[in-house]
Amino acid sequence: MTNSEYPECLRELLDSEIFGEAVSLALLEVAKNEREKFQFATLLQLETETKARLRPLLYRYGISLAEPVPTEQIEEIVSGYLASSWEEFAAANTAVVQGFLDRFNEIARIGPEEDREMLESMIQHEQAILRWFDMESRGEQKGSLDAVVAELKYPLPS
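Residues numbered from 1 in each chain as written. Predicted model: local features only at pLDDT ≥ 70, side-chain atom pairs only at ≥ 80, totals over all residues. Heavy atoms only, no water.

Draft legend 1. How the structure looks around the overall build of the protein. Secondary structure assignment for the protein yields 6 helices and 0 strands. Each helix (α) and strand (β) of the protein, taken in turn from the N terminus, gives the series α-α-α-α-α-α. Computed over C-alpha atoms, the radius of gyration of the protein comes to 16 Å, within 12% of the 15 Å expected from 2.2 N^0.38 for 158 residues, which places it in the range of a compact globule. In terms of overall dimensions, the protein has C-alpha extents of about 45 × 30 × 30 Å along its principal axes. Going through the 158 residues of the protein one by one, you find that 46% of them count as buried. Considering only residue pairs separated by 6 or more positions, the protein has 76% of its internal contacts joining residues 24 or more positions apart. Within the structure as shown, the protein displays about 8300 Å² of accessible surface, and the carbon and sulfur contribution to it stands at 54%. Charged side chains in the protein number 15 positive and 30 negative. The centres of these two groups are separated by 4 Å. (Helix = DSSP H or I, 4+ residues; strand = E, 2+ residues; numbered from the N terminus. Rg over C-alpha atoms; globule rule 2.2 N^0.38 Å. Buried < 20%, exposed > 50% of the residue type's maximum accessible area, 1.4 Å probe, protein only. Contact = heavy atoms within 4.5 Å. Areas by Shrake-Rupley, 256 points an atom, 1.4 Å probe, with all protein chains shown as cover. Lys, Arg positive; Asp, Glu negative; His and termini not counted. Charge placed at Lys NZ, Arg CZ, Asp CG, Glu CD.)

Here it is as structure tokens:
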């Protein structure tokens, strides 16, 4: 990636949050138990808050704030969740989240200094989700959501 691709690539950040929010909502509707419901609701809150924090950055660069939702992928994710154990579902999503994290790191590398704080917060955001999925995939439930909750300004009541 080159500096000439910035700020167009910022739209990817917003799209990832729109997608994450839509997936979280869909999974929340079919959650298998109260624990998983809370997990999805917390992820939904993170995606919503992060999406709102991104808007001023995109607006400054004149990038569209439209929120199209790719529903066909969401249906596939929901089906995968329903057909899997919790640990299998978390493991399957670890690689997906790692892909987003890698891309966010690429974007941060070419971003200007004045955008650094927001770009670094996106990396931290994705690292928190990765930690959650990684721990859950190994059956480590205690504290798995702590990094996600720490990212929230408005955490859900437990």
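Draft legend 2. Molecular detail of helix 4 (residues 86-110). End to end, helix 4 covers 37 Å across 25 residues, agreeing with the expected 36 Å (1.5 Å per residue, within 8%). Its maximal kink placed at Thr-94, helix 4 deviates by approximately 25°. If you check which residues of helix 4 are buried, you get Trp-86, Phe-89, Ala-90, Asn-93, Thr-94, Val-97, Leu-101, Phe-104, Ile-107, Ala-108 and Ile-110. Its buried side turned inward, helix 4 meets helix 1 (10-30), helix 2 (34-60), helix 3 (71-83) and helix 5 (116-137). (Expected span 1.5 Å × (residues − 1). Bend = angle between axes of the 7 residues up to and from the residue.)

Draft legend 3. Molecular detail of the side chain of Glu-126. Mapping Glu-126 onto the fold places it in helix 5. Buried charged residue Glu-126 carries no salt bridge. Nearest counter-charge: Arg-53, at 9.5 Å. Those residues within four positions of Glu-126 in sequence are excluded, and the remaining contacts are Glu-17, Val-97, Phe-100, Leu-101 and Phe-104. (Salt bridge = Lys/Arg side-chain N within 4 Å of Asp/Glu carboxyl O.)

Draft legend 4. Molecular detail of the pattern of salt bridges. The full count for this structure, using the stated rule, is 12 salt bridges. Notably, a salt bridge pairs Glu-113 with Arg-116, separated by 3.9 Å at the nearest N-O pair. Owing to a relative accessible area of 62%, Glu-113 belongs among the exposed residues under this scheme. Each of Glu-21, Lys-51, Arg-55 and Glu-67 takes part in salt bridges that share partners, so that together they form one network.

Draft legend 5. Region of interest: helix 5. With 22 residues, helix 5 ought to run about 32 Å at 1.5 Å a step, and its terminal C-alpha atoms sit 31 Å apart, in line with that. Residue Gly-139 follows helix 5 closely and has a positive phi angle near 80°.

Draft legend 6. Examining the environment of Pro-112 more closely. Looking at the secondary structure, you find Pro-112 in the loop between helix 4 and helix 5. Spatially, the C-alpha atoms of Pro-112 and Tyr-6 are 8.9 Å apart, while their sequence positions differ by 106 residues. Excluding residues that lie within four positions of it along the chain, Pro-112 makes contacts with Tyr-6 and Tyr-61.

Draft legend 7. Here's a closer look at the nonpolar core. One finds Leu-10, Leu-13 and Trp-132 to be the most contacted residues of the largest nonpolar core, which totals 45 residues. Secondary structure elements with two or more residues in this core: helix 1, helix 2, helix 3, helix 4 and helix 5. The element contributing the most residues to this core is helix 1, with 10 residues. Beyond its immediate stretch of four places on either side in the chain, Leu-10 contacts Leu-57, Leu-58, Tyr-61, Ile-63, Ile-107 and Leu-119. (Core = buried A, V, L, I, M, F, W, Y, C linked by side-chain atoms within 4.5 Å.)

Draft legend 8. Looking closely at the packing of helix 1 against helix 3. Helix 3 packs onto helix 1 with a crossing angle of 40° between their chain directions and a minimal axis gap of 10 Å. Taken together, helix 1 and helix 3 sit at an angle that is classed as oblique. In the crossing of helix 1 with helix 3, the sense of the turn from one axis to the other is right-handed. In this structure, helix 1 uses Phe-19, Ala-22, Val-23, Ala-26, Leu-27 and Val-30 to contact helix 3, whose residues at the interface are Gln-73, Ile-74, Ile-77, Val-78, Tyr-81 and Leu-82. Taken together, the residues of the contact of helix 1 with helix 3 sort by class into 11 nonpolar, 1 polar and no charged. (Axes fitted to C-alpha atoms, helices over the stretch in contact; angles between N-to-C directions. Parallel < 35°, antiparallel > 145°, perpendicular 65-115°, else oblique. Left-handed = near helix turned anticlockwise from the far one by under 90°. Nonpolar A, V, L, I, M, F, W, Y, C, P; charged D, E, K, R; others polar.)

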